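Listed here are the chains, written in short residue letters.
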Amino acid sequence: QVQLVESGGGLVQAGGSLRLSCAASGRTFSGYHMGWFRQAPGKERDFVAAITWGGGSTYYADSVKGRFAISRDNAKNTGWLQMNSLKPEDTAVYYCAATPRYRDLSRTSEYDYWGQGTQVTVSS
């Protein structure tokens, strides 16, 4: 069992930046790939970014390429999502997730463990 806790969300103006953190406990986080997803009210939970367990490969949704960066430090059992040049359409609850498998990390069904979410609001 892996427990995930997101933090770092908040209110920011368009064009600003935030860095979200995902702290893991339980089984060692180093054995899990990590993803970030987001969900606005009334919408599906959408893929944002993913990183493999060793950090060697990263993946991004087209909507955030060039603006967001995913990273991790397994020694700290922590992952991050750096969000720059934020837009109002980035407003959502952001979730981190973990899976021991590597198949399609852009799919919500791939992940076994989820955090509680952290709110990101971007004002225009």
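No experiment lies behind these values; they were computed from the predicted model shown.

Conventions adopted
- Residues numbered from 1 in each chain as written.
- Predicted model: local features only at pLDDT ≥ 70, side-chain atom pairs only at ≥ 80, totals over all residues.
- Heavy atoms only, no water.
- Disulfide = S-S within 2.5 Å.
- Helix = DSSP H or I, 4+ residues; strand = E, 2+ residues; numbered from the N terminus.
- Buried < 20%, exposed > 50% of the residue type's maximum accessible area, 1.4 Å probe, protein only.
- Pairing = 2+ DSSP bridges.
- Polar contact = N/O pair within 3.5 Å; in protein donor to acceptor, adjacent residues only side chain to side chain.
- Contact = heavy atoms within 4.5 Å.
- Salt bridge = Lys/Arg side-chain N within 4 Å of Asp/Glu carboxyl O.
- Axes fitted to C-alpha atoms, helices over the stretch in contact; angles between N-to-C directions.

A.B. asks: What's the story with the state of the cysteines in this structure? I'm lost.
C.D. replies: Each disulfide consists of one covalent bond between the sulfur atoms belonging to two cysteines. Per the stated rule, a full pass over the model turns up one disulfide. Note on cysteine connectivity: Cys22 is disulfide-linked to Cys96, with sulfurs 2.1 Å apart. Disulfide Cys22-Cys96: the torsion about the S-S bond is 65°, which places it as right-handed. Here Cys96 lies in strand 9 (residues 92-99) and Cys22 lies in strand 3 (residues 18-26), a separation of 74 residues in the sequence. Each member of the pair Cys22 and Cys96 is classed as buried.

A.B. asks: Honestly, the pairing of strand 8 (residues 78-83) in this entry has me stumped. Any pointers?
C.D. replies: Regular strands have side chains that alternate between both faces of the sheet. Buried residues dominate strand 8, accounting for five of its six residues. Judged from the six bridges that link them, strand 3 and strand 8 form a sheet pairing that is antiparallel. What sits directly across from Leu20, in strand 8, is Leu81. Count of turn residues in the strand 7 (residues 68-73)/strand 8 antiparallel hairpin: four residues, of which Asn77 carries a positive phi of about 50°.

A.B. asks: Honestly, the side chain of Arg72 in this entry has me stumped. Any pointers?
C.D. replies: The topology assignment puts Arg72 in strand 7. Among the polar contacts listed, one links the side chain of Arg72 to the backbone oxygen of Tyr32, at a separation of 2.8 Å. Setting aside residues no more than four positions away along its own chain, Arg72 makes contact with Phe29, Ser30, Tyr32, His33, Met34, Ile51, Thr52, Trp53, Gly55, Thr78, Gly79 and Trp80.

A.B. asks: Would you explain the pattern of salt bridges in this entry?
C.D. replies: Pairs may arise between side chains of opposite charge once their charged atoms sit close together. Applying the stated criterion across every chain yields a total of five salt bridges. With a shortest N-O distance of 2.8 Å, Asp90 and Arg67 are connected by a salt bridge. Taken as a pair, Asp90 in the loop between strand 8 and strand 9 and Arg67 in the loop between strand 6 (58-60) and strand 7 lie far apart in primary sequence, 23 residues in all. In this structure, Asp90 and Arg67 share a single accessibility class: buried. Salt-bridge contacts for Arg101 lead to Asp112; the nearest nitrogen and oxygen are separated by 3.0 Å. Separated by 11 residues along the polypeptide, Arg101 in the loop between strand 9 and strand 10 (113-114) and Asp112 in the loop between strand 9 and strand 10 bring together distant segments of the chain.

A.B. asks: Teacher, can you tell me more about unusual backbone geometry here?
C.D. replies: One non-glycine residue, Asn77, adopts positive backbone phi at about 50°. Phi angles above zero are rare outside glycine, and Ser85 is one such case at about 50°. Of note, Ser85 is situated in the loop between strand 8 and strand 9.

A.B. asks: Before we go on, may I ask you to explain the sheet that holds strand 3 in this structure?
C.D. replies: Sheet strands pair via backbone hydrogen bonds, and the direction of the pair is either parallel or antiparallel. One open sheet holds the four strands; their spatial order is 1-3-8-7, and the pairing between them is antiparallel. Two strands lie at the open edges of the sheet, namely strand 1 (2-7) and strand 7, each paired on one side alone. Pairs of neighbouring strands in the sheet enclose a mean axial angle of 15°, with direction left out of account. Both strand 1 and strand 3 contribute to a ladder of six bridges, which runs antiparallel. Bridge pairing in strand 3 links Gln3 to Ser25.

Spatial relationships are all this shows, so hold off on functional conclusions.
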